[in-house]
Amino acid sequence: MGRLIVVSNRAPSVDGSSDSGGLVVALIEALAKNGGLWIGCAPEQSDTPTEDLVFHQRPDFDIGLFELEPELYRDYYLGYSNSVLWPALHGRVDLIDVQPRYAKAYREVAKRLAALIAKTARDDDLIWVHDYQMIPLAHELKELNVKCRIGFFLHIPLPDLQTFKAIPDWKDLAKWLSDYDLIGFQTRRDLGHMINIFRHTMRGELRANGTMGIAGREVALGSFPISIDVSGFRRLAAKGAENTEPAPLPRLIGVDRLDYSKGLPQRLAGYEAFLARHPEFRSKVALLQIAPPTRDDVDAYKAIRSELEHLSGHINGRFGTVEWTPVQYIHRAMPRNELAVLFRFSRVGLVTPLFDGMNLVAKEYVAAQDETDPGVLILSQFAGAAEEMTEALIINPHDPEDIARAIKTALEMPLAERIGRHSALYAHLDQHNVGRWSAAFLKQLLSVQRLSPDGVAPFPGSTPWTQTA
Ligand code: ADQ
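Here the structure is a predicted model, which means the values were calculated and not measured. (Residues numbered from 1 in each chain as written. Predicted model: local features only at pLDDT ≥ 70, side-chain atom pairs only at ≥ 80, totals over all residues. Heavy atoms only, no water.)

1. Some points on the pattern of salt bridges
Okay, so step 1: Inspection of every chain in the model, using the stated rule, returns 31 salt bridges.
Okay, so step 2: Between D75 and R101 there is a salt bridge; the shortest N-O distance is 3.2 Å. Residue D75 is found in helix α2 (residues 70–89), and its partner R101 is found in helix α3 (residues 100–120); the two are separated by 26 residues along the sequence.
Okay, so step 3: D75 gets classed as buried once you look at its relative accessible area, which sits at 8%. (Salt bridge = Lys/Arg side-chain N within 4 Å of Asp/Glu carboxyl O. Helix = DSSP H or I, 4+ residues; strand = E, 2+ residues; numbered from the N terminus. Buried < 20%, exposed > 50% of the residue type's maximum accessible area, 1.4 Å probe, protein only.)

Written out as structure tokens, the structure reads:
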């Protein structure tokens, strides 16, 4: 019986202090079942990286950290991952910054990491690789003759073929993706894009069992919508609310990493259009936008920060009074328990990304509500969450008037309709929490039969490997 090896750019902290996110909790649970290892970059870079993984033991699983030189890390992470792949996969090819050293660093990190993993992986382990920073890993592991089953989950969107082809290394990326045994996406939308990319670039053929035949091997694909610890977040919000005063005015809330994919300027434009069209709501509502900075060293992120400061100042200048500030803008991260209470005491949740793999804030907002007097979620049609959360008010984030209409509808929605929509959304989330997400992915990865060169499946289909329920 093998271990689960999770690989991601960042690993959870060695002391458990950063375990609060749903993803970390779900994967820790899966790791704890069979003993496992989570591999990720060390929080600090080093001019003299160690030649092996640095292992730390947590009660239920191990953490293996790898060190990189600061320059290599910068070119791999801020460079290729976040200045090429992140904008391209979010459809912002205008923001791609192509530098040959970025692509080189990206490949180099995968090679090094594969060599470190190859030293520890056993044939019956399962390797689960996460996200766009790590795409070449299966290819590099196979070059080193690692025989475990290797799955990949893409947390961000996969765009259509034409957009994908704007990435200079798109053929390599398609090939590297096809080296996984199972590729998981957030949505059927992204899964469809992958099938199309494989068909057109690698003559992939879809089989009746849902796998694709590509270059003589079989690749399994699936849509696995990620979620949160729904009841845990609900409890957090309800408990915090016991000692907190509700907001003085009906509140609209937005909570996002400060990122151009999240549609923040468009959200403010929609709010401005709402206040302009409906003077009767001025001084009667307030928007709280919480947007902590990320990737501040990348130019496109500096630009979005100053744009947002300008827009919120503009709205406050245009409509504000001595007693009323229409937009409250907080530019830092908040503890999860405080966030949960803010969600619960907000009449409207605004989630308006231009393109998003899933968007967990949409799910957190719904989970945090008081079911007897719930708020209303306004959700972009381009968030992966819109595939599942159909009882939200679905909007086009590029159209300020559409956002303005939805804000008015949400603020005026009768209690019975709010309860109806919320209970349908909550029931779905409750059935599809993050534990089910990881279990579904691992179950499918486990069922993959990798053939050895002599045509024998080295892993019996009935490996007694337990999954999270
Ligand atoms: P992100 O782009 O980071 O994730 P999202 O899914 O919204 O986007 O998750 C953000 C998380 O950070 C949420 O749990 C949220 O509560 C938290 N957060 C945001 N602002 C915060 C603040 N000010 N203080 C504290 N916490 C804050 C990527 C993809 C998404 C995909 C996830 C998971 O871009 O599409 O849903 O991975 O797969």
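2. Examining the environment of R267
Okay, so step 1: Along the chain, R267 turns up in helix α9 (residues 264–277).
Okay, so step 2: Its relative accessible area of 0% is what places R267 among the buried residues.
Okay, so step 3: Along the chain, R267 and W38 lie 229 residues apart, while their C-alpha atoms are 37 Å from each other.
Okay, so step 4: Reaching out from R267, the side chain makes a polar contact with the backbone oxygen of K262 at a distance of 3.5 Å. (Polar contact = N/O pair within 3.5 Å; in protein donor to acceptor, adjacent residues only side chain to side chain.)

3. Regarding the side chain of E364
Okay, so step 1: Structurally, E364 can be placed in helix α12 (residues 360–368).
Okay, so step 2: Reaching out from E364, the side chain makes a polar contact with the side chain of R336 at a distance of 3.0 Å.
Okay, so step 3: Ignoring anything within four residues of it in the chain, the contact list for E364 reads I228, F233, R336 and F343. (Contact = heavy atoms within 4.5 Å.)

4. Regarding the domain arrangement of the chain
Okay, so step 1: Per the domain assignment, the segments of the chain are domain 1 (4–227 + 434–447) and domain 2 (230–431).
Okay, so step 2: Computed from C-alpha atoms alone, the centre-to-centre distance between domain 1 and domain 2 is 30 Å.
Okay, so step 3: Counting residues at the interface gives 26 residues for domain 1 and 24 residues for domain 2.
Okay, so step 4: When the two sides are added together, the surface that domain 1 and domain 2 hide from each other amounts to roughly 1900 Å², 58% of it contributed by carbon and sulfur.
Okay, so step 5: On the domain 1 side of the contact with domain 2, W86, R189 and S227 bury the most area, a combined 26% of that side's loss.
Okay, so step 6: Taken together, the links from domain 1 to domain 2 amount to 1 salt bridge.
Okay, so step 7: Measuring nitrogen to oxygen at the nearest pair gives 3.8 Å for the salt bridge that ties R188 to E387.
Okay, so step 8: Of all the secondary structure elements, the ones that give two or more residues to the side of domain 1 that touches domain 2 are α2 and α7 (188–202).
Okay, so step 9: Among the residues forming the side of domain 1 that touches domain 2, the class breakdown is 12 nonpolar, 10 polar and 4 charged. (Domains from an automatic or database assignment. Buried area = accessible area lost by both parts, 1.4 Å probe. Nonpolar A, V, L, I, M, F, W, Y, C, P; charged D, E, K, R; others polar.)

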